[in-house]
Structures are given as structure tokens and as C-alpha cells.
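# Topology and contacts: notes
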Amino acid sequence: AVSSFVWFIVPAELAKGRRAAWVAFLFPAVGLLMLFGAIRATLTWRKFGQARFRSKSLPGTPGGVLEGHIELNSRLAAADGLRLQLRCVCRESSGSGKNRRTTDHTLWEDEKLLGPNLPEHRPYCTTIPVFIRLPPDQPESDHDDDPQRNLAWRLRASAKVAGPDLDVEFEVPVFKTGVPALPANAPDPTAKYQLPLDQMRLAGHSRIQVADTYTGAREFIFPAARNLS
């Protein structure tokens, strides 16, 4: 609404030969983008409700495991599967005022692709199981020591579905608590819901070719320009 004055002023300026007046259309364009984002966020909220992460192992411990489940207040029909990702992110800030710049660096990440047949704890809801091993050599969460640099662990669940896509993210605390490291052979309760490598590649529409050779080895071919976007 604030940008509506452009539609009355710009045509008159263009009629006078002032082509620089086209720049003023950036204001309603930004307004339309903000409106589109608000509508999309509202539709996503109405579809999935308030997502919650309920953990069995807070805080997570380096060398241990992050275990729990994500609850959605609706049924999730993800035919191509659901991607679960955990990242350790270092956010660094430099400069000040108008020259201030913030960048994120991923120090470590792991992800799984879960199939559409997820466990059902409550009717008309979706439960996404979470079981991700934490490496012992990565740092713990840190927000207070240095205002120019902080470390955070972020858990993200995303899926392509009809209508607004699912994309939720949680910041989870990871600290050293003295708990013994998880044995490497500890069972993964989410293994039965995971999709194998080949299905993960197809679900992501990957052009990477995977084949088994006559010697029993597995061969990966990465074509050039395989991810134009």
C-alpha cells in the first residue's frame, strides 16, 4: 500500500523522458515478495501446525547420539521420502555498522532419507524419528564467549509434498557431559525407516550414476554440469 504512489508518479516521470524512474518499481516488487512470503508461511503453518522436537538425549553429547522425534500436527504424504539433516554451523561476524558481514560455515553434517512409512504415535499426526550419531571431535554449542563467533547445532527436516513443502529447523544443544561415547555397534532404531542409497539418489533426481563392476567394486560417475541450479 505504501508503494502504491509509484503507479501515479512513475508514468508521469516516464512521459517526461526520465527513464531512471523505472527504479521506483523496486519498491512494489519488494512488497509483493514480502506478501508472497507471508502467504506461503501462513499456508505452511495451517498445513503442518507447530512442529515440535522431543528429545530423549538433551543435551546431545559429542561421541554420543541425538535421539528423539519430531511431531507434526498433520499427516505427511512424502512419496519421495523425507530428508533429515544435522549440521554443526559456525557463524562469524566481521566489521560494524553498514560494513557488518555475517557468514555461516558448516563444520560437520550428516543426513538420512526416511521413507514415507513413518511410525504413527497419534492419529492424524506425523512422527519423524531422529537418531543421529554425534562425532567426538566436533565442538559443543557456544553462544556467549565471543559475540563475533558462535557455534550452533541445527536439526532440519524437509520433504517435497503437494502444496507447501515441509521445511522445519530446530537448534539443539550439544555439550560435553561426561557420558561415555556410544558404541559403534549400537543399534539404530530408525534403520527400518531409512531408504537405501539408490532410492535416495532417485528421490533427489540426481544425475550421479552408480554401478557395480564385475570385480565387486562400486563405481560412481559424476557428470559435468549435473546440478545447474
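The preceding data block contains the structure.
All figures in this text were calculated on a predicted structure; none of them were measured in a lab. (Residues numbered from 1 in each chain as written. Predicted model: local features only at pLDDT ≥ 70, side-chain atom pairs only at ≥ 80, totals over all residues. Heavy atoms only, no water.)

Our focus in this paragraph is the packing of aromatic side chains. Counted according to the given criterion, the structure contains two aromatic pairs. Ring centres 6.1 Å apart and planes at 40° place the aromatic pair Phe-53 and Phe-170 in the tilted group. Of this pair, Phe-53 sits in strand E1 (residues 52–55) while Phe-170 sits in strand E8 (residues 166–172), placing them 117 residues apart in sequence. Each member of the pair, Phe-53 as well as Phe-170, carries the same accessibility label: buried. Seen in terms of ring centroids, Trp-108 and Trp-153 are 5.7 Å apart; in terms of plane orientation they differ by 50°. Their pairing is tilted. (Phe/Tyr/Trp six-rings, centres within 6.5 Å; stacked < 30°, edge-to-face > 60°. Helix = DSSP H or I, 4+ residues; strand = E, 2+ residues; numbered from the N terminus. Buried < 20%, exposed > 50% of the residue type's maximum accessible area, 1.4 Å probe, protein only.)

Next up on the list: the nonpolar core. If you look at the biggest cluster of nonpolar residues, it comprises 30 residues, and the most contacted ones within it are Ile-70, Leu-86, Ile-128, Leu-155 and Leu-166. Looking at this core, the elements that each hand over two or more residues are strand E2 (65–72), strand E3 (82–94), strand E4 (101–114), strand E5 (126–133), strand E7 (149–159) and E8. Discounting chain neighbours no more than four positions away, the residues touching Leu-166 are Phe-48, Leu-72, Leu-76, Leu-82, Ile-128, Ala-157, Ser-158, Ala-159 and Val-161. (Core = buried A, V, L, I, M, F, W, Y, C linked by side-chain atoms within 4.5 Å. Contact = heavy atoms within 4.5 Å.)

Right, let's get into the sheet that holds E2. The strand order across the open sheet formed by three strands is E1-E2-E5, and the pairing between neighbours is antiparallel. Each edge of the open sheet carries a strand with a single partner, namely E1 and E5. Each neighbouring strand pair of the sheet contributes to a mean axis angle of 25°, computed without reference to strand direction. The pairing of E1 with E2 spans four bridges and is antiparallel. Of the residues in E2, the one forming a bridge with Arg-52 is Glu-71. (Pairing = 2+ DSSP bridges. Axes fitted to C-alpha atoms, helices over the stretch in contact; angles between N-to-C directions.)

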